[in-house]
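# Results of the structural survey
If you want the building blocks of each chain, they are given just below.
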Amino acid sequence: MKAGMGSIRLPQKVRQILERITGAGFEAYAVGGCVRDSLLGRVPEDWDVTTSATPWQVKELFPRTVDTGLKHGTVTVLLGGEGFEVTTYRVDGEYEDARHPREVTFTSSLEEDLKRRDFTMNAMAYNEGTGIVDLFGGAEDMERGLIRCVGDPRERFTEDALRMMRAIRFSAQLDYEIEDRTRAAIQELAGNLKKISAERIQAELTKLVTSAHPEKLRIAYETGVLAVILPEFHQAMETEQKHPHHHLNVGEHSLLAMEKVEASKELRLAMLLHDIGKPACRTADPDGTTHFHGHAAAGEKMARKILQRLKYDNHTVDTVCRLVLYHDYGNGVVPTPAILRRAVNRIGEDLFPSFLAVRRADILAQNPARLSEKLENLEAWTACYRGILERKECVSPRTLAITGTDCIALGMKPGREIGEALQGALELVLEDPERNQKEYLCGWVRDHYLK
Ligand code: ATP
Ligand code: MG
């Protein structure tokens, strides 16, 4: 068995919902992701219910409901502050634009409802009376670690192109293979992903890169999905580097770097994109040695374009872009406290621990031959950084001993010059923290700006 097949234990409230509906003479099952996750021995995040009752009949059975998507048959049943989606058995009508069913039709057949679901492992239902309903071999596919479409994969991906990304995402979350015909259909139909909204692609990409196996993004390259959703990274997968520091091409190095960093959205996206500027900055010596001068700054611009195109929120865009821009900052330099204080100031106090994590993942994904030397250097940076934190040294205007108000009190006019004066004072303090005294810094401002 691939994964320890767990058993299904309905939460009390789900049992209550199923019993209420079946007690009224209808069918009701837990369905989809919750059945899959239970069999995997994972605790499902949410429990969806599928039923032969119509939404209006469901509403009559429960005192508190929300009309979540009546047109699609979904009612949310509220029980003690928790919501459970109860959806009527349905058949999706013809699909428009590889995206939305033109219409949905309710049906009284559980089989019809299960047939419209994407993968065999997502097309199982369960209730205590019947046990597991598994009409397409979902449990067997899970035991073999396979993601397989229900029915003809070409039809299924033509109906909804996002399912291709879902297949790759599940493969990354579960470390499953994509069954051959399903994979061949992705290869054939990847172009249809053009029609899918950026928001839906983003949601799948985030789940993929924050999964246990972000390197499975390679499947997106191999099947042509990447060329559609992230052509910049497709190019990285085809950019060789010939350099003593590197043993992998740019894309493979970045995939490995993702594996080497904690699974947060910002850090994984930063590793994905940290070298995205390389293909455009590549030069080669006569002997073939490659260089990528300026790739961090070029990469930041590209990362911003990519993340904005995928409609990531501003905080994510800014964080990731800052990490891409600085990922190479001070690389290999022997740290001194002054160098470190300046680095923290440039990169940002908030982001510095993430910068160190990025640096570490980058190193771990480079040529293992030079590893220990680089890790020792990073260890020295980290130790030096800790010293600055422990001594609570000033690294930003936040803790500088003078402010704009002090400059005005000295006789400066409000305006840009005050910003310059404060930055000048801060540079002095970054060089030597002993200088972070109001009297000293006011004297310096007076000498340089008020004579
Ligand atoms: P997760 O919640 O872990 O992201 P999931 O499979 O539970 O994954 P949901 O969006 O919660 O995804 O969908 C619940 C169920 O609805 C799925 O298990 C599947 O049966 C069905 N489903 C979801 N999206 C699609 C789709 N695009 N095409 C067909 N069926 C789908
Ligand atoms: Mg779910």
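Residues numbered from 1 in each chain as written. Chains lettered and ligands numbered in written order. Predicted model: local features only at pLDDT ≥ 70, side-chain atom pairs only at ≥ 80, totals over all residues. Heavy atoms only, no water.

This part takes up the overall build of the protein chain. Along its length, the protein chain carries 23 helices and 15 strands. For the protein chain, whose C-alpha radius of gyration is 28 Å, the value lies well above the compact-globule estimate of 22 Å for 451 residues. When its C-alpha atoms are laid out on the principal axes, the protein chain stretches across 90 × 60 × 40 Å. When burial is assessed residue by residue, the protein chain has 50% of its 451 residues classed as buried. When the accessible surface of the protein chain is split by element, carbon and sulfur atoms take 49% of a total near 21000 Å². Counting 60 positive and 68 negative side-chain charges, the protein chain places the centres of these two groups 3 Å from one another. (Helix = DSSP H or I, 4+ residues; strand = E, 2+ residues; numbered from the N terminus. Rg over C-alpha atoms; globule rule 2.2 N^0.38 Å. Buried < 20%, exposed > 50% of the residue type's maximum accessible area, 1.4 Å probe, protein only. Areas by Shrake-Rupley, 256 points an atom, 1.4 Å probe, with all protein chains shown as cover. Lys, Arg positive; Asp, Glu negative; His and termini not counted. Charge placed at Lys NZ, Arg CZ, Asp CG, Glu CD.)

Further remarks concern the packing of helix H19 (residues 352–364) against helix H20 (residues 371–390). Relative orientation and spacing of two packed helices are given, respectively, by the angle between their axes and the distance between those axes. Interhelical geometry of H19 versus H20 gives an angle of 170 degrees and a closest axis separation of 10 Å. In terms of their interaxial angle, H19 and H20 are classed as roughly antiparallel. Counting all contacts with H19, which are made through Phe352, Pro353, Phe355, Leu356, Arg359, Arg360, Ile363 and Leu364, the residues of H20 involved are Leu371, Lys374, Leu375, Leu378, Trp381, Thr382 and Tyr385. Residues of the contact of H19 with H20, tallied by class, amount to 11 nonpolar, 1 polar and 3 charged. (Axes fitted to C-alpha atoms, helices over the stretch in contact; angles between N-to-C directions. Parallel < 35°, antiparallel > 145°, perpendicular 65-115°, else oblique. Contact = heavy atoms within 4.5 Å. Nonpolar A, V, L, I, M, F, W, Y, C, P; charged D, E, K, R; others polar.)

What follows covers the pairing of strand E4 (residues 74–79). Across the 6 residues of E4, 5 count as buried, placing the element largely inside the fold. The pairing of strand E3 (residues 65–69) with E4 spans 3 bridges and is classified as antiparallel. Within E4, the position partnered with Gly69 by the bridge is Thr74. Here E3 folds back onto E4, and the loop between the two strands holds 4 residues, one of which, Gly73, carries a positive phi near 90 degrees. Two strands pair when backbone bridges link them, and E4 and strand E5 (residues 82–88) are joined in this way by 6 bridges, in the antiparallel orientation. Counterpart to Leu79 in the pairing with E5 is Glu82. The hairpin formed by E4 and E5 contains 2 residues between the paired strands, and Gly80 there has a positive phi angle of roughly 50 degrees. (Pairing = 2+ DSSP bridges.)

As a further point, take the pattern of salt bridges. Tallied over the full model, the rule gives 34 salt bridges. Overlapping salt bridges, with partners in common, bring together Asp113, Arg116 and Arg117 in one network. (Salt bridge = Lys/Arg side-chain N within 4 Å of Asp/Glu carboxyl O.)

Okay, H19 next. Counted at 1.5 Å a residue, the expected span for H19 with its 13 residues is 18 Å, and the 18 Å between its end C-alpha atoms agrees. Within the sequence span of H19, burial applies to Phe352, Phe355, Leu356, Val358, Arg359, Ala361, Asp362 and Ile363. For H19, the elements touching its buried residues are helix H13 (250–259), helix H14 (265–273), helix H17 (314–326), helix H18 (337–347) and H20. (Expected span 1.5 Å × (residues − 1).)

As a further point, take the nonpolar core. The biggest cluster of nonpolar side chains holds 120 residues, and the ones touching the most others in it are Leu217, Phe233 and Phe352. Counting residues per element, this core draws most heavily on helix H7 (residues 162–174), at 8 residues. Phe233 has contacts with Leu217, Leu226, Gly251, Ser254, Leu255, Leu272 and Ile276, leaving out every residue within four places of it along the chain. Val31, Tyr89, Leu110 and Leu114 belong to the second-largest nonpolar core, a separate cluster that totals 7 residues. (Core = buried A, V, L, I, M, F, W, Y, C linked by side-chain atoms within 4.5 Å.)

This next bit is on the side chain of Glu215. Residue position: Glu215 is located in the loop between helix H9 (198–209) and helix H10 (217–223). Buried charge without a salt bridge: Glu215, with Lys216 as the nearest opposite-charge side chain at an N-O distance of 6.0 Å. Of the polar contacts made by the side chain of Glu215, one reaches the side chain of His213; its length is 2.9 Å. Residue contacts for Glu215: discarding those within four places in its chain leaves Leu255 and Glu259. (Polar contact = N/O pair within 3.5 Å; in protein donor to acceptor, adjacent residues only side chain to side chain.)

Moving on, we come to the domain arrangement of the protein chain. Think of interface size as the accessible area that goes away when the parts come together; that is how it is often given. Here the protein chain is partitioned into domain 1 (12–143), domain 2 (147–229), domain 3 (261–391) and domain 4 (397–449). If you look at the interface, domain 2 gives 12 residues, while domain 3 gives 10 residues. When the two sides are added together, the surface that domain 2 and domain 3 hide from each other amounts to roughly 960 Å², 63% of it contributed by carbon and sulfur. Among the residues domain 2 hides against domain 3, the three largest losses belong to Gln202, Val209 and Thr210. Together they make up 43% of the total. Taken together, the links from domain 2 to domain 3 amount to 0 salt bridges. Between the two partners, domain 2 and domain 3, sit 5 residue pairs in polar contact (both at pLDDT 80 or more). In terms of residue count, the dominant contributor to the side of domain 2 that touches domain 3 is H9 (7 residues). (Domains from an automatic or database assignment. Buried area = accessible area lost by both parts, 1.4 Å probe.)

Here the focus is unusual backbone geometry. Not every positive phi belongs to a glycine, and Lys311 is a case in point at roughly 65 degrees. For Lys392, which is not a glycine, the phi torsion comes out positive at approximately 50 degrees. Within the secondary structure, Lys392 sits in the loop between H20 and helix H21 (404–409). What makes Lys392 exposed here is its relative accessible area of 73%.

We now examine the environment of Val58. With respect to the helices and strands, Val58 occurs in helix H3 (residues 55–61). Owing to a relative accessible area of 1%, Val58 belongs among the buried residues under this scheme. In this structure, the C-alpha to C-alpha distance between Val58 and Glu427, residues 369 residues apart in sequence, is 67 Å. In contact with Val58, other than residues within four places in its own chain, are Thr51, Ala53, Val75, Val77 and Val86.

Sheet architecture is open: 7 strands sit in the order E3-E4-E5-E2-E1-E10-E11, paired in mixed fashion. Only two strands of the sheet have a single partner each, and these edge strands are E3 and strand E11 (131–133). Neighbour-to-neighbour, the strand axes of the sheet open up by a mean angle of 35 degrees, direction not taken into account. Across the sheet, helix H1 (residues 12–23) touches strand E1 (28–31), strand E2 (48–51), E4, E5 and strand E10 (125–127), and the angle it forms with E5 is around 40 degrees.

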